[in-house]
Amino acid sequence: MSFWRASVPVVGFDLDLTLLDARHGIRATFAVLSAETGVAVDAETVVARLGPPLETELAHWFPLAEVAAVAARYRELYAVHALPASLPMPAAVAAVAAVRRLAGRVVVVTAKSTALARASLDRIGITADVVEGARFAQTKGEALRAHRVDVFVGDHVGDMVGARDGGALAVGVATGPCSAADLLSAGADVVLPRLADFPPWLVDEARRRRQPG
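Residues numbered from 1 in each chain as written. Predicted model: local features only at pLDDT ≥ 70, side-chain atom pairs only at ≥ 80, totals over all residues. Heavy atoms only, no water.

Asker: Just checking my understanding: could you explain the side chain of D159 for this structure?
Answerer: Mapped onto the elements of the fold, D159 is located in helix α8 (residues 157-165). A polar contact is formed between the side chain of D159 and the backbone nitrogen of D155, at a distance of 3.1 Å. Aside from chain neighbours lying at most four places away, what touches D159 is D14, K140, F152 and G154. (Helix = DSSP H or I, 4+ residues; strand = E, 2+ residues; numbered from the N terminus. Polar contact = N/O pair within 3.5 Å; in protein donor to acceptor, adjacent residues only side chain to side chain. Contact = heavy atoms within 4.5 Å.)

Below you can see the structure in the form of structure tokens.
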């Protein structure tokens, strides 16, 4: 039986380290933020655990009472220092194109703010039918269910939690901070070593759907 419910698939993707490589720009943004605030944020540690919301990361470095204001400033700096340095992850364009070849819909659900997510996708030349920002783990699941997403592709254990909560097939890609074992433990139905493996996997699933029984 196919994983999608309608005549065409609705495929969701996480953004950072699934479709988008913003690591260089994130390092640059935190360097400026550290200079402005006097707080020495280790940007290498930050990029090694990308996935959760920005506020969660900032709470490791700033008092909780300051996190909201610092997050707002970070997002201003991100637009200047990170967006221009944004790159697609390897095979990101091909992964989205594989969905389009099946006349499918693409839904991006990410912890990044919706505005920055849309701007990032524009920068790397990827068009989504829906972009839902400020979502992580269970709240990703809420968005996936609302948009009737059939399969969700992500690199973080929080993506697998969201997929399972949202009733979507959970496809992990080992392109971020979480290992294949981590993704499986978090509920992944399928783990692919790299995003380049997604298009042939999707084609195989479409072929199975066309087979009787």
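Asker: Would you take a moment to explain α8 for this structure?
Answerer: In an α-helix, one full turn covers 3.6 residues, which means residues spaced three or four apart are oriented alike. G158, D159, M160, G162 and A163 are the residues of α8 that are buried. If you follow the buried residues of α8, they end up packed against α7 (138-146), β6 (151-154), β7 (169-173) and α9 (180-185). Where α8 terminates, the next one or two residues include G167, which has phi positive at roughly 75°. (Buried < 20%, exposed > 50% of the residue type's maximum accessible area, 1.4 Å probe, protein only.)

Asker: What exactly am I supposed to notice about the pattern of salt bridges here?
Answerer: A pair can form between side chains of opposite charge whenever their charged atoms are brought close. Within this structure, the stated rule accounts for 16 salt bridges. A salt bridge links R75 to E55; the nearest nitrogen and oxygen atoms lie 3.1 Å apart. Of this pair, R75 sits in helix α4 (residues 64-81) while E55 sits in helix α3 (residues 54-58), and the two are 20 residues apart along the sequence. For E55, a relative accessible area of 32% puts it in the partly exposed group. Taking the shortest distance from any N to any O, the salt bridge between D129 and R100 comes out at 2.6 Å. Linking D129 in the loop between α6 (114-124) and β5 (130-132) with R100 in helix α5 (residues 92-101), this pair joins segments that are 29 residues apart in sequence. For R100, a relative accessible area of 32% gives the class partly exposed. Counted as one network, the salt bridges with shared partners bring together D14, K140 and D159. (Salt bridge = Lys/Arg side-chain N within 4 Å of Asp/Glu carboxyl O.)

Asker: Looking at this model, I keep getting lost on the packing of α7 against α8. Mind explaining?
Answerer: A pair of packed helices is characterised by two quantities: the angle between their axes and the separation of those axes. Taken N-terminus to C-terminus, the directions of α7 and α8 make an angle of 40°; their axes are 7 Å apart at the nearest point. As far as their axial angle goes, α8 and α7 are oblique. The two elements α7 and α8 cross, and the hand of that crossing is right-handed. Across the interface between the two elements, Q138, K140, G141, L144 and R145 of α7 pack against D159, V161, G162, A163 and D165 of α8. Here the contact of α7 with α8 is built from residues that sort into 3 nonpolar, 3 polar and 4 charged. (Axes fitted to C-alpha atoms, helices over the stretch in contact; angles between N-to-C directions. Parallel < 35°, antiparallel > 145°, perpendicular 65-115°, else oblique. Left-handed = near helix turned anticlockwise from the far one by under 90°. Nonpolar A, V, L, I, M, F, W, Y, C, P; charged D, E, K, R; others polar.)

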